[in-house]
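Listed here are the chains, written in short residue letters.
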Amino acid sequence: MIAKNSGEEIFRTKINPITEGRAMRIGLITASLAYMLLFLVLPVVTVFVEALGKGVGTYFEAIKDPAALSAIKLTLLTAAIAVPLNMIFGVAASWAIAKFDFRGKSVLITLIDLPFSVSPVISGLIYVLLFGAQGFFGSWLAEHDVQIVFAVPGIVLATIFVTFPFVARELIPLMQEQGTEEEEAARSLGAGGWQTFWRVTLPNIRWGLLYGVLLCNARAMGEFGAVSVVSGKIRGLTNTMPLHVEILYNEYNIVAAFAVASLLAFLALVTLVAKGLLEWAYGHELGGSRT
Amino acid sequence: MVIEVRNVTKKFDTFTALRGLNLQVQPGELVALLGPSGSGKTTLLRVIAGLEFANEGQVLFDGKDAGSRHVGERRVGFVFQHYALFRHMTVFENVAFGLRVVPRQRRMSDSDIKKRVLSLLSLVQLDRLSDRYPTQLSGGQRQRVALARALAIEPLVLLLDEPFGALDAKVRKELRRWLRRLHDDMGLTSIFVTHDQEEALELADRVVVMNQGAIEQVGTPEEVYDTPATPFVYEFLGNVNRVPCRINNGKVSLWGIDVAAETHDGTPIPEGDTAGFAYVRPHDIELTPVGQGEPAVVRHVAAAGPTARIEVSVQGVVPLIEAQLSRKRYLELGLKVGQQVGIAARAARVFPASASPSPMAGSVSG
């Protein structure tokens with residue numbers, strides 16, 4: 001009886017011992033909200049306001065411009081090549097790293113992180129040094145009439161390099177946490193290597209994989225630095241959307257610049273919403289690296 | 001199916017998990033691999049299953065070398081310690097897995113698979129939970145799904161790694177009995193790994209006691225408990241008092257009895273005076289009124305339950321000695337802490353100190 005009474009008393013006095021006072025809470029929440037508004041929401045809103053500033057007609061005209069359309073096409077093409085390749089590589093690499101022990105494993109892990117630690121400009125420069133006219137393979141490529149730098153292949157290569165780690169980074173911790181017991185169980189039940197992969201490993205990582213692909217795609221479409229170095233910025237030919245935005249902006253074509261930028265921003269928002277939905281629905285199945 | 005392990009050695013980098021093991025399991029037997037962690041019991045089970053491959057030696061199934069056969073081809077049902085259920089599949093699909101991955105020519109029809117899975121699920125009393133996912137099940141239910149899944153491929157051999165390790169005491173007891181019945185009804189040959197001696201002694205036909213990658217003793221539960229072959233088995237199985245003593249020309253006089261020293265590997269006992277250890281089970285110790293037997297002093301009394309556990313100190317012996325008395329005897333003697341009593345042994349076994357493991361050797365993992 002006594003214990004019950006004292007328990008009720010604790011509930012009646014509404015002091016929560018693990019929270020701050022009211023003023024402190026309001027202050028902290030306001031500060032973080034203001035910070036977010038200033039640095040995140042305001043810029044995004046500005047993009048759309050500027051883009052639509054001279055009316056919807058001007059907005060669509062800017063997008064229908066042949067140079068803009070070609071930039072959009074190139075961006076989509078680049079992502080369409082880079083994302084699947086990095087997806088396959090990412091799955092393969094994380095499968096190898098998480099499920100097997102081999103020599104040079106730590107080297108592989110470090111290498112996967114390399115694109116994150118190197119400035120994108122340098123990533124682009126590497127390709128110029130390798131495949132450019134004065135580059136390592138330059139004369140050979142020139143002889144065989146293959147253009148890589150200042151052409152679409154260079155842009156695709158640079159994008160692949162920069163977006164290399166996204167899928168693998170997402171999957172490695174997830175697969176390491178899941179361990180190899182389920183695969184062993186599948187093998188002991190008679191499944192072959194492929195069957196084990198398709199029926200057990202892949203379904204277990206599907207949400208993490210989708211998440212990684214989304215992030216990879218967002219970066220592939222938005223990459224500026226590395227692509228800028230290798231593209232040569234030939235309007236209508238080697239301009240991606242971010243590069244096109246920059247050119248328009250430098251030409252004081254503000255409305256057109258923001259119109260194209262709004263497409264990118266819209267894409268980013270879609271990605272974020274999809275990511276949020278994924279996290280909300282499958283958070284417990286996603287890996288640890290949510291950067 | 002006869003399972004034979006011949007001279008199996010397994011090394012991981014620098015660590016040797018199994019040192020030239022030999023073991024034979026007869027058809028229909030239920031065998032326990034018992035040992036402390038790091039003793040190699042799980043590795044042995046995995047080598048038999050084909051999940052690991054031995055560096056040296058062979059595993060034979062019915063006299064045929066299984067070494068070249070992968071785990072999937074050995075027809076072994078393996079139940080993993082943490083069940084390893086497929087988390088994205090329902091209970092039904094988990095059990096059906098082994099039937100669905102069979103090559104198309106030999107695969108059962110969908111309706112046959114369904115029938116088979118449902119009959120397995122009713123065997124493990126989970127037919128009502130077939131649509132659940134593993135995370136929605138309790139530990140005991142998961143264990144039974146894992147078992148049903150392993151049984152789906154009609155294994156000749158059932159291998160279980162710490163099958164009851166993660167369950168609470170009550171569920172553990174029930175499942176134990178149930179597993180024993182299942183094993184007998186299905187005519188399986190089963191091997192299970194455990195570090196719980198009670199489990200091994202209660203459930204198994206034969207117990208294999210392992211230590212540091214080697215087999216210390218193989219025998220029925222009675223054999224390993226009543227006549228441990230080595231000091232290690234003595235210390236690992238059941239309670240035992242380990243009393244340092246001096247061996248004189250192969251003999252020891254201890255608490256009223258004369259015991260001949262022995263070695264488990266047949267090496268001769270050194271002549272003259274050597275150090276040794278006497279092993280005395282608590283129930284082989286008799287306490288008497290003061291004046292009879294070796295003098296001792298009562299230090300602790302735990303008298304709840306059908307037997308009383310009394311700890312006494314004996315002069316010249318460092319550890320406290322544990323004695324187990326019937327409740328009746330305990331009341332007769334009217335034992336109290338601090339009381340002077342006499343101690344006598346009914347049975348003991350003596351090994352030279354060189355053959356005895358250091359105390360706690362059992363808990364060293366590697």
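Residues numbered from 1 in each chain as written. Chains lettered and ligands numbered in written order. Predicted model: local features only at pLDDT ≥ 70, side-chain atom pairs only at ≥ 80, totals over all residues. Heavy atoms only, no water.

**Q** So what's going on with the overall build of chain A? Which residues, and what values?
**A** Per the secondary structure count, chain A includes 14 helices and 0 strands. If you list the helices and strands of chain A from N to C, you get α-α-α-α-α-α-α-α-α-α-α-α-α-α. Its C-alpha atoms give chain A a radius of gyration of 25 Å, more than 25% over the compact-globule value 19 Å for 291 residues. Over its C-alpha atoms, taken along the principal directions, chain A stretches across nearly 95 × 60 × 30 Å. (Helix = DSSP H or I, 4+ residues; strand = E, 2+ residues; numbered from the N terminus. Rg over C-alpha atoms; globule rule 2.2 N^0.38 Å.)

**Q** Provide a residue-level description of the sheet that holds strand E4 (residues 56-61) of chain B, including the pertinent values.
**A** Residue and element names in this part refer to chain B. Overall, antiparallel pairing links the 4 strands, which are arranged E2-E1-E4-E5 in an open sheet. Looking at strand neighbours, the two that pair on one side only are strand E2 (15-25) and strand E5 (64-65), the edges of this open sheet. The pairing of E4 with E5 spans 2 bridges and is classified as antiparallel. When the bridges of E5 are listed, Leu-60 appears paired with Asp-65. (Pairing = 2+ DSSP bridges.)

**Q** Just give me the short version of the interface of chain A and chain B, but keep the residues and values in it.
**A** With 17 residues of chain A at the interface, the matching set in chain B holds 23 residues. Taken over both partners, the interface formed by chain A and chain B buries close to 1800 Å², and the fraction arising from carbon and sulfur atoms is 57%. Connecting chain A to chain B are 2 salt bridges. Across the chain A-chain B interface, the total number found is 5 residue pairs in polar contact (both at pLDDT 80 or more). For the side of chain A that touches chain B, the elements supplying multiple residues, two or more each, are helix H10 (181-188) and helix H11 (193-222) of chain A. For the side of chain A that touches chain B, the residue count by class is 6 nonpolar, 5 polar and 6 charged. (Contact = heavy atoms within 4.5 Å. Buried area = accessible area lost by both parts, 1.4 Å probe. Salt bridge = Lys/Arg side-chain N within 4 Å of Asp/Glu carboxyl O. Polar contact = N/O pair within 3.5 Å; in protein donor to acceptor, adjacent residues only side chain to side chain. Nonpolar A, V, L, I, M, F, W, Y, C, P; charged D, E, K, R; others polar.)

**Q** Lay out the packing of aromatic side chains in plain terms, naming residues and giving numbers.
**A** Overall, the coordinates contain 18 aromatic pairs over all chains when judged by the stated rule. Ring geometry for Tyr279(B) against Phe351(B): centres 5.9 Å apart, planes inclined by 70°, an arrangement best described as edge-to-face. In this pair, Tyr279(B) is assigned in strand E14 (residues 273-280) and Phe351(B) in strand E20 (residues 349-352), connecting sequence segments 72 residues apart. By relative accessible area, Phe351(B) is classed as buried at 0%. Taken together, the ring pairs in this structure connect Trp95(A), Phe100(A), Trp194(A), Phe197(A) and Trp198(A) into an aromatic cluster. Note that Arg149(B) overlies the ring of Phe86(B), its terminal NZ or CZ placed 4.6 Å from the centroid. Arg281(B) extends its terminal NZ or CZ atom over the ring of Tyr225(B), reaching a point 4.2 Å from the ring centre. (Phe/Tyr/Trp six-rings, centres within 6.5 Å; stacked < 30°, edge-to-face > 60°. Buried < 20%, exposed > 50% of the residue type's maximum accessible area, 1.4 Å probe, protein only. Lys NZ or Arg CZ within 6 Å of the ring centre and 35° of its normal.)

**Q** Explain the packing of helix H4 (residues 66-99) of chain A against helix H9 (residues 165-178) of chain A to me, and be specific about the residues and the numbers.
**A** Residues and elements named next belong to chain A. Close contact between H4 and H9 brings their axes to 8 Å; oriented N to C, the two are set at 30°. With respect to each other, H4 and H9 are oriented roughly parallel. The two elements H4 and H9 meet at a crossing, and its hand is right-handed. Between H4, through Asn-86, Met-87, Gly-90, Val-91, Ser-94, Trp-95, Ile-97, Ala-98 and Lys-99, and H9, the contact on the second element is made entirely by Val-167, Ala-168, Leu-171, Ile-172, Met-175 and Gln-176. A class-by-class count of the residues in the contact of H4 with H9 yields 10 nonpolar, 4 polar and 1 charged. (Axes fitted to C-alpha atoms, helices over the stretch in contact; angles between N-to-C directions. Parallel < 35°, antiparallel > 145°, perpendicular 65-115°, else oblique. Left-handed = near helix turned anticlockwise from the far one by under 90°.)

**Q** Report on the sheet that holds strand E6 (residues 76-79) of chain B, specifying residues and quantitative values.
**A** Residue and element names in this part refer to chain B. Pairing within the open sheet is mixed, and its 6 strands lie in the order E6-E7-E8-E3-E9-E10. Of all strands in the sheet, those bounded by a partner on one side alone are E6 and strand E10 (214-219). Between one strand axis and the next, the sheet turns through 15° on average, direction left out of account. Of the strand pairs in this sheet, E6 and strand E7 (residues 157-161) are connected by 4 bridges, and their pairing is parallel. Bridge pairing in E7 places Phe-78 opposite Leu-159. Together, E6 and E7 form the strand contacts of helix H4 (residues 139-152), whose direction differs from that of E6 by roughly 165°.

**Q** Could you give me a rundown of the nonpolar core, with the residues and numbers involved?
**A** Here is a general trend for soluble globular proteins: nonpolar side chains tend to be buried in one another's company. Residue and element names in this part refer to chain B. Counting 46 residues, the largest nonpolar core has Val-95, Val-117, Leu-147 and Leu-158 as its most contacted members. In terms of residue count, the dominant contributor to this core is H4 (7 residues). If you look at the next biggest cluster of nonpolar residues, it comprises 40 residues, including Leu-18, Leu-51, Val-101 and Val-208. (Core = buried A, V, L, I, M, F, W, Y, C linked by side-chain atoms within 4.5 Å.)

**Q** For the side chain of Glu4(B), give the residues involved together with the corresponding values.
**A** Residues and elements named next belong to chain B. Its location among the elements puts Glu-4 in strand E1 (residues 3-12). Polar contacts involving the side chain of Glu-4 include one to the side chain of Arg-6, which spans 3.2 Å. Contacts of Glu-4, omitting those with residues within four sequence positions, involve Leu-23, Gln-24, Gln-58, Val-59 and Leu-60.

**Q** So, the packing of H11(A) against helix H14 (residues 254-282) of chain A: which residues are in play, and what are the values?
**A** Residue and element names in this part refer to chain A. Interaxial distance between H11 and H14 falls to 10 Å at its minimum, and their mutual angle equals 165°. Taken together, the axes of H11 and H14 lie roughly antiparallel to each other. Seen along the crossing, H11 lies across H14 with a hand that is left-handed. Of the residues in H14, those touching H11 at Trp-207, Leu-210, Tyr-211, Leu-214, Leu-215, Ala-218 and Met-221 are Leu-264, Leu-267, Thr-271, Ala-274, Lys-275, Leu-278, Glu-279 and Tyr-282. Split by residue class, the contact of H11 with H14 holds 12 nonpolar, 1 polar and 2 charged.

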